[in-house]
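Okay, here's what each chain looks like letter by letter:
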Amino acid sequence: LFRSTCAGTWSTNDCISQPYPQIVVQNITFQDGFDGTHQATCTANAPQCWYGGVDGGGAIYAEGGQFKAVNSRFVGNQCYGYGPDLGGGAIRVLAQYQNRPVYITSDTFTGGRCSNGAALSSIDVQWDVINSVFTNNEATGWGANPAAGGTPGGGSGGAIYNDGNDYNLIIDGTAMSGNSAREGGGAIFFVVDSGGGTLTIEYSTLSDNPSGEFQNAPGIFDHVDGIDTAPVVVDSTIS
C-alpha cells in the first residue's frame, strides 16, 4: 500500500497539512512485502525532498492524512537493507495531520527486515502502540545516522525507529522480544532532535532485544534534545 498526499492535488496550502485521507487497515495480513528503494540525497525545497528523499515501508508507506492499523498481521516484510534514515520494514509513516498519533492496535509484527525500524519507522510522527506484539525483527544497516565513514549507514531500531522533532511514543500493553539492531536500540530507537518528547512504556514486556553497539536501557536508545534520557516506565518489565 502506497499513499502520499504530496503525490496528487493538494487540498491545503501544503501537501503535508491535509486531514484526508484517513486510512485504517484492519483484520488483514501483509506478508512478504518489499520496497527496494535506496535512500537518496535530496535537499531541494520540493515535496519529494522534504524528508531527504527517504522512502521505505515494505508493506505500507503513508505520507500525510491520518493512518491506523488494527488487528492485523505483518509477516516477513522488508525494505532496503542500508541507509542512515531509511526505514519501515512493515510500515513507514510521515507527515500526519496536525501531528495526530498513528495508532497501532492489537497488531503483530514478525520477521521484518530493513536498514532501520524493521517493523515501524517515521520522522516527526507520534505513535500510540497498544496491545501489540513484535518478534524477530532486525535492523540490518550499519554505521548509524549520520553514517560513519566507510559505511552505508543505518542499523538502528530493531522493531521501532523514530526520529525527528517534537513528538512522543507510547508503548502500552505490548510485548517485544527477539528483535535486534546492528547499531542502537534492539527494540526501540527514539531520538528527538529538538522540541522535546517522551518515550513511555506501560504495562508491557521487553526482553532479549540485543543492541549491537549502543543503548541506554536494555534494547532501547532514548535520546532527547541532545541528552541520553531514560524512558518513562510504568508496570513494565525491560530486560
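Before any of the text, the structure's been laid out above.
## A look at the packing of aromatic side chains
According to the stated counting rule, one finds 10 aromatic pairs in the structure shown. Ring centres of Phe-30 and Phe-74 lie 5.1 Å apart, and the angle between their planes is 5°; on these two criteria the pair is classed as stacked. Remark: Phe-74 occurs in strand β7 (residues 73–75) and Phe-30 occurs in strand β3 (residues 29–31); sequence separation between them is 44 residues. According to the relative accessible area criterion, Phe-30 is buried, its value standing at 14%. By relative accessible area, which is 1% here, Phe-74 ends up buried. Their ring planes at 80° and their centres at 4.9 Å tell us that Phe-214 and Phe-221 sit as a pair that is edge-to-face. Three or more aromatic residues joined by ring pairs form one cluster here, namely Phe-30, Phe-74, Phe-109 and Phe-134.

## Description of the sheet that holds strand β26 (residues 232–234)
Adjacent strands of a sheet form backbone hydrogen bonds with each other and so pair up, either parallel or antiparallel. Here seven strands make up an open sheet; going across it, the order is β2-β6-β10-β14-β18-β22-β26 and the pairing parallel. In this open sheet, the two edge strands, each paired with only one partner strand, are β2 (22–26) and β26. This sheet shows a mean twist of 10° between the axes of neighbouring strands, independent of strand direction. Pairing between β2 and strand β6 (residues 66–70): five bridges, direction parallel. Bridged to Val-24 within β6 is Lys-68.

## Considerations on the nonpolar core
The biggest cluster of nonpolar side chains holds 37 residues, and the ones touching the most others in it are Phe-67, Ile-91, Leu-120, Trp-127 and Ile-188. Top element by residues in this core is strand β21 (residues 188–192). It accounts for three residues. Setting aside anything within four residues of it in sequence, one finds Leu-120 in contact with Gly-88, Ile-91, Ile-104, Phe-109, Trp-127, Val-129, Phe-134, Ala-159, Ile-160 and Tyr-161.

## Let's talk about the state of the cysteines
Applying the stated criterion across every chain yields a total of one disulfide. Through a disulfide, Cys-79 is tied to Cys-114; the S-S separation comes to 1.7 Å. Between Cys-79 and Cys-114, the disulfide has an S-S torsion of -90° and is therefore left-handed. Of the two residues, Cys-79 is situated in strand β8 (residues 78–79) and Cys-114 in strand β12 (residues 113–114); the sequence distance between them amounts to 35 residues. A relative accessible area of 3% means that Cys-79 is categorised as buried.

## Quick notes on the side chain of Gln-126
Tracing the backbone shows Gln-126 in the loop between β13 (120–123) and β14 (127–130). The residues contacting Gln-126, other than those within four sequence positions of it, are Asn-99, Arg-100, Pro-101, Val-102, Asp-166, Tyr-167 and Asn-168.

## Some words on the side chain of Thr-135
Position of Thr-135 among the secondary structure elements: in strand β15 (residues 133–135). Reaching out from Thr-135, the side chain makes a polar contact with the side chain of Thr-110 at a distance of 3.1 Å.

Each value, and the rule that gives it
Residues numbered from 1 in each chain as written. Predicted model: local features only at pLDDT ≥ 70, side-chain atom pairs only at ≥ 80, totals over all residues. Heavy atoms only, no water. Phe/Tyr/Trp six-rings, centres within 6.5 Å; stacked < 30°, edge-to-face > 60°. Helix = DSSP H or I, 4+ residues; strand = E, 2+ residues; numbered from the N terminus. Buried < 20%, exposed > 50% of the residue type's maximum accessible area, 1.4 Å probe, protein only. Pairing = 2+ DSSP bridges. Axes fitted to C-alpha atoms, helices over the stretch in contact; angles between N-to-C directions. Core = buried A, V, L, I, M, F, W, Y, C linked by side-chain atoms within 4.5 Å. Contact = heavy atoms within 4.5 Å. Disulfide = S-S within 2.5 Å. Polar contact = N/O pair within 3.5 Å; in protein donor to acceptor, adjacent residues only side chain to side chain.

What is shown is where atoms sit, not what they do.
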